[in-house]
Each structure stands twice: as C-alpha cells, then as structure tokens.
Protein chains: 2
Amino acid sequence: MLDNNGKAGPERMQIENGKIADVHSNAVAEKQSGYVVGVDVGGTSLRMALADMTGTPLIKSSTSTVGLRGPDAVLGLIVDGVRNLLTQAAAAPEALKSIAVGVPGVTNTEDGVVIATSYLMGWRNVPLKALLENELHIPAAIDNDVNLAAIGESWVGSAKGSQDFVFLAIGTGIGAGIVLNGRPYRGSCWAAGEIGYMLLPGTVGGPGKSHEPGPLESMIGGEGIREQWRRIWSADKTSLPQELTATEIFDHALRGEALAQTLLQESASMLAHAIYNISLVLNCSLFVLGGSIGLHPALRDAVQSIVDEWNIRACPRLAASALGTEAQLLGAIRTALDAAHASSGAGVARN
Amino acid sequence: MLDNNGKAGPERMQIENGKIADVHSNAVAEKQSGYVVGVDVGGTSLRMALADMTGTPLIKSSTSTVGLRGPDAVLGLIVDGVRNLLTQAAAAPEALKSIAVGVPGVTNTEDGVVIATSYLMGWRNVPLKALLENELHIPAAIDNDVNLAAIGESWVGSAKGSQDFVFLAIGTGIGAGIVLNGRPYRGSCWAAGEIGYMLLPGTVGGPGKSHEPGPLESMIGGEGIREQWRRIWSADKTSLPQELTATEIFDHALRGEALAQTLLQESASMLAHAIYNISLVLNCSLFVLGGSIGLHPALRDAVQSIVDEWNIRACPRLAASALGTEAQLLGAIRTALDAAHASSGAGVARN
C-alpha cells in the first residue's frame, strides 16, 4: 500500500513527461521504498523511530525500561514496538527493510554481540543482532549508543563534514564516540571511548572496578554532580535544597546562584581537563557535547571559557550536539539504512 | 658501481642455472637496486643509516647536534652525512633513491613541514622536505620521530602484525606513536600522541604551556625522574648520591636499593595510569615501551605488575621495543623505501 504511494510521484511524472530520467527515478524510488527502524535502549526508556529510506523519521515511540532490563525483556519491547510502528504507519511487515539498535555498552558490531553493559543493566555477551534477526526476519545492526550518537552527528548534526571528531555523551554515564578519518573508531576490543573511567587530578579511585561508576563519571556524571552538590552543600552557604539534579544545579548557576556556580566551575574544569587529555591522544579538531548534562549551555560555556584561556596550539573546537536527545536515534536510523543497503547489495559506504 | 655489485648475484645465478625464475629475480633486483638513507634527528645526536632496497642497514653514522640545532645547521649535517655514507659505500650519488628524516616535533607529513619542535630545539614551520629535496635532488619524507619508531616496530619489531598499537617513547621527553587499522594515526593537526602533557592524579600544573616539559614528562621523563630523586633524596635514607640519571636510579632499584625502588614504583604507577588513560580512549591491545627510560626492564616489569593487578577487561599487553634505540632509524628507512617506491610508481602501501 505504502509501496504504491512511494512510487506514485515518479510514475505520474513518467506518464506526463515521458523522460528517460524519470523512468530512472522511478526505478530508484522502487528500489528504495520501504522503512527502517532505529532503536535507542536506555537505562530508563526505550525509544524507537520508524523512518523512510531517506532517513526521515516518520513515527516515534517511547517505552519505560524500568524493571525490564534483561535481554529477553528488551527484545520483547523492541519486537512489540516494531509491530506498533508498522501498524501506526499502516505498513505491511515486508515494507520493513532493516533495524538498528543502540545499547549502552561495549558492543561488537561485526559479530553483533553486546559484550557488556554498565553495572546498571549487567548484560554479558548477548547476541542481540542474531536475536533481532530471528524475531524480525530482516537485517539487524547493533552498536554502542554513544557511537550511534556520533554517527548521527556526523550524518546530519554538528559534526557534518568533520573527518575527525569526538562526541562526548555526558549524562548518568560518560562516554565518547570517536570518528577518525570519517569512520567510527571502536578499538581492538570494541571499548574505545570508555572515558568515564579516566583518571585526572582531582578524581578519586583507580582502575580496575569496571562494575562501578568510573572516576570521571563519579565527578561529572549525573549522579556524580548530585553527590558533589551534597558534599559542598550547607544551609549557611545556599538557600537551595540539598537534593537537586545536575541540570537543576546548572540552571541555578545560570541564574547566578553562588554555590551552584562554584560546582559548575569545578565540573567544567574537570570536563575541560578530560577533553584536554583526549585531545593529547587523538588531536581531533572538534568535540561535540551531548547527553543531558553535556547539553546544558552553562556547562558548555564554562568549558569553552576554560579551554579558550589555555591558548594552546591546535585547540579543539567545542560544539553543542545539534541533534540533542535525538542523536542516538538518528545514528540508529543511519546505521539501519546502511544495513538495508548492504543487504540489498547497494553497498553504500557510511561516509 | 654498487649497482653492478647489486646485480652480480642474480646475474651469476642466471648464467649458472639458466632458470626463468632467476631472470625474473634479476629484473626485480635491477629495478630495486640502489640505496635509501634514514635519519633520526635528536636533541643530542643525529644518527643516519644507509640501507639497501630491502631496508637492510649497511652503514651507520652518528654526529653530535650539541650547539647545532637550527634547521640550516641540521640540514648541513644531513647533507654532509649523506655524502659520507655514499663515499663509505663506494656508491655513486645517483644510486641514492630517497631519504626520510625523523624530527622530535609536530610534523606535517603531507606538506613536509616541521610545525614545531620541543622547547629544546625551537623549530617553527620548517619546510624540511623541500629543503632536503632541493639539496639532494631525491624524494624526501619527514615525520615525527616517535611516529617513525612506531612504523619501525610495526615493520620489523614488537608490533609486527598488530593493527592497533601505541608506541610509547619515554626518554627526556614522552610521546606516543599511534597505529590504528595498520596505519600511523597523526591527528587533525599532526599532533596526536603528545602525551607528555597528560594530566593525571599526582601531576603538577595544567594545560597551556607548550614550551615547557609537560606535566607527565615532568614526573617520569628523564629530567623529571632526576628531579623526583632530588626531591625524595636525603642522606639518612640512602647511601646513593643525590645526582643520578633515571636509568642509574632504576639500575639501583633492580639491585634492591630501597629509595630507588620507591621512586621506581612511583614512576611505574604514573606510567601505568597514563597507559590506562590512553587505553580508555583508544582501546589498543598493545603498548610497546621504548626510549631510554621506557626500555629499562625494571620499569617495564613494575608497570606490568601494576597493570596485571587491575584485572581489567581488555587489558592492554605491554611489550619492550624490539628495536630499542634503532626503532626511529628503521622507521625512517621504511619510510624512505615507501617514498622511493611511491616515486618510482610502484605504489607500495605501508601496511
């Protein structure tokens, strides 16, 4: 039904104008009709989008994952979600060409196995790609969610045109999606960019405790900032409550609240130093800040001020994520399109 | 003259045996006859090697660079050195096919420009490739010396067969040569791997002073370790003198001297944490330790013990540089061979 709709334009043009070019367009449109689904599995919600073959999201959905974090439960949510999206689009199951799923963990994109997720989800060696393909009978791809966000930003976001950049996701956890020479760089064991564990002056603890928040996360991840706020809070220093979220604290900093500004500056300094360390290794010209905390304008401005003051050679440029909370989902859509093209033999390269 | 010598073996075989294979060998030998020169420009010496077209070094030379650090002076040393090597080999100037030079600084290998060397040499934007080609009338290539060491180790050393690894040069300065997907990774502005400036718990100072030793260098570079020894030294703690080199201190640590062992452990811990931070970004499976300090077995063993104790997933393997002080020179020879092949249209890829 929608396949026919997809062909309608070019077919009409062919009849009206009779040009060879329109016959060709018609063939391309026919080949590219259909849909893909992108999925972002998070610690609190599972978000999905149905997109057309140009990657334009048509319908989105979101489901809570609270209390449903095992692989089977998540797979069930995805399969149900796909059916609902197709129903909403009045699309036949065979119109779905591929799916790509982002997960918050170390992911082998070649074998399609989630090697490990954070201590919050606790997955180990889950063959998610095979599970998806068995259930849905379409090509599936999986990747780390931060890598997908980087792919999204590279495709239609703040890193469009950048061959080398780092996407920093700063939320509850902290991770980096690294793109080098125009392609995602995932590391020897698929764990590149796990910078939540970075050690810096002022971080507490050392390596080797992979099931806990890392030293950098403990300082400037969502829970880390809440904890730092509790640490510096006292009733004689601020009229704000002792329990605030990171973004609430940064909102108060924007409004000039002194103690919130102190914590903002501490957090910005720590993040700036992490960016500096990553820059020393990779010498990337662009860092894209994303995630609920990374997107906060107060943090970004404070980090930019610190980096500017250093006046270092080949100073990296900072940019806000253009896609915001949609970055992962758009990266998943792009990856699903690649999987569909690879499967159809079109062999479209990512960049 | 040496061209004739170069052909002698295959020619004789052809006469004696008359095999087609030998005629083929002869053609290959003829095509590949000649020499290349590899050069390593250091803070205290300039080392050179004349190699045949298989990359086997035939004659080496070394000259002091003390008091002769300007680009013109160094260029003069290289040109004189090339002439001396050819004379020693009784080779005609036209037998020299290419030259590659490693310099201790940020180097644009495409344009052939040394963008900056450390505070010790102070070069800025020196078009060394063009200067060499103007003087010697052969294809020239230049690169950062640590990148060349990584290329050497990748070619015939400890990283042979490794697609992703980091070569750590720890001497007076500290730098990393990064190989990803089998190719040197140099960064957006040719400054990847400048990890002497890395910030870690225990380092002093911050970013932005690129003309001084970096925070990590100040702790575990050659001068840094001497300085740390002076700091912890007191006559009642050790019978060793207050002025010792880093390798002397580590030699004493190997022999069981307590204060030297303390400093060895502190240095090893700092280096292990730097390796950890680099691993978080790159997730490389191998680190090759080189440079006068990095090659010290006491340091390597101590770092390995620390890393082993962490018991982290995807723990990087440590290896000693197999090429030792020859790594840079062999990387230069390999790079010169590549330049010769590229120039002759053979287009031999590096890896």
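Residues numbered from 1 in each chain as written. Chains lettered and ligands numbered in written order. Predicted model: local features only at pLDDT ≥ 70, side-chain atom pairs only at ≥ 80, totals over all residues.

**Here we look at the interface of chain B and chain A**
Defined as follows: This entry defines residue contacts through backbone-placed C-beta atoms, with two residues in contact when those atoms are within 7 Å. In DSSP terms, a helix is any run of H or I states spanning at least four residues, a strand is any run of E spanning at least two, and both are numbered starting from the N terminus. Asp, Glu, Lys and Arg are counted as charged, while Ala, Val, Leu, Ile, Met, Phe, Trp, Tyr, Cys and Pro are counted as nonpolar; the rest, among them Gly, fall into the polar class.
Facing 36 residues of chain B, the contacting portion of chain A comprises 35 residues. If one sorts the elements of the side of chain B that touches chain A by residue count, helix 9 (residues 258–282) of chain B sits on top with seven residues. Residue composition of the side of chain B that touches chain A, grouped by class: 22 nonpolar, 11 polar and three charged.

**Thoughts on the packing of helix 9 of chain B against helix 11 (residues 297–310) of chain B**
All names here are of chain B. Heads up, the condition is: Throughout, an axis means a line fitted to C-alpha atoms (over the contacting stretch in the case of helices), and angles, computed between N-to-C directions, take values from 0 to 180 degrees. These descriptions rest on fixed angle ranges, namely under 35 degrees for roughly parallel, over 145 for roughly antiparallel, 65 to 115 for roughly perpendicular, and the rest for oblique. Should the near helix be turned anticlockwise from the far one by less than a right angle, the crossing is left-handed, and should it be turned clockwise, the crossing is right-handed.
Taken N-terminus to C-terminus, the directions of helix 9 and helix 11 make an angle of 60 degrees; their axes are 8 Å apart at the nearest point. The pairing of helix 9 with helix 11 is recorded here as oblique in orientation. With respect to the hand of their crossing, helix 9 and helix 11 are arranged in right-handed fashion. Taking contact as the criterion, the partners of Leu-264, Gln-265, Ser-267, Ala-268, Ser-269, Leu-271, Ala-272 and Ile-275 in helix 9 are, on helix 11, Ala-298, Leu-299, Ala-302, Val-303, Ile-306 and Val-307. In terms of residue class, the contact of helix 9 with helix 11 is built from 11 nonpolar, three polar and no charged.

**Describing the pairing of strand 4 (residues 96–103) of chain A**
Both faces of the sheet carry side chains from a regular strand, because those side chains alternate between them. Residue and element names in this part refer to chain A. Going by this rule: With C-beta atoms placed from the backbone, the exposure class of a residue follows from how many other C-beta atoms lie within 10 Å of its own: 20 or more, buried; 12 or fewer, exposed; in between, partly exposed. What makes two strands pair is DSSP finding at least two bridges between them.
With respect to burial, strand 4 is a largely interior element, eight of its eight residues being buried. Here strand 1 (residues 35–41) runs beside strand 4; their pairing, made up of six bridges, is parallel. Residue pairing for strand 4: Val-39 is matched across the bridge by Val-101. The pairing of strand 4 with strand 8 (residues 140–144) spans five bridges and is parallel. Along strand 8, the bridge assignment pairs Gly-102 with Asp-143.

**Focus: the environment of Gly34(B)**
Residue and element names in this part refer to chain B. Along the chain, the position of Gly-34 falls in the loop between helix 2 (20–32) and strand 1 (35–41). Along the backbone, Gly-34 and Ala-91 are 57 residues apart, and their C-alpha atoms lie at a distance of 8.7 Å. If near-sequence neighbours (up to four positions away) are discounted, Gly-34 is found in contact with Met-53, Ala-95, Leu-96 and Lys-97.

**A closer look at the relation of the copies chain B and chain A**
One chain copy maps onto the other through a rotation about an axis and a shift parallel to that axis. Inclusion rule: Here the copies are matched by least squares. The fit uses the C-alpha atoms of residues with pLDDT of at least 70 in both.
Its rotation angle being 180 degrees, the transformation that places chain B on chain A also includes 0.0 Å of axial translation and leaves an RMSD of 0.0 Å. In the structure described here, the two chain copies are related by an operation that fits a two-fold rotation axis. The residues that chain B uses at the interface reappear at the interface of chain A in 97% of cases, marking a shared surface.

**Quick word on the confidence of the model for chain A**
Residue and element names in this part refer to chain A. As a reminder, the rule being used: Confidence of the prediction at every residue is given by pLDDT, a number between 0 and 100.
Here chain A shows a mean pLDDT of 88. Residues at 70 or above account for 87%. Across residues 347–351 the pLDDT falls below 50, and counting only partners more than four positions away or on other chains, this stretch makes eight contacts in the model. Of the two predicted TM-score estimates for the complex, the pTM is 0.88 and the ipTM is 0.88.

**Here's the deal with helix 4 (residues 128–136) of chain B**
All names here are of chain B. This is how the line gets drawn: Relevant arc is that of directions from the helix axis to the C-beta atoms, nothing else.
Residues Leu-128, Lys-129, Leu-131 and Leu-132 constitute the buried set of helix 4. Here the buried residues of helix 4 occupy an arc of 165 degrees about the axis, which is enough to place them on one side. In this fold, the buried residues of helix 4 make contact with helix 3 (71–88), strand 4 (96–103), strand 6 (113–117), strand 7 (124–126) and strand 8 (140–144). Trailing helix 4 by a residue or two, His-137 shows a phi angle of about 60 degrees, which is positive.

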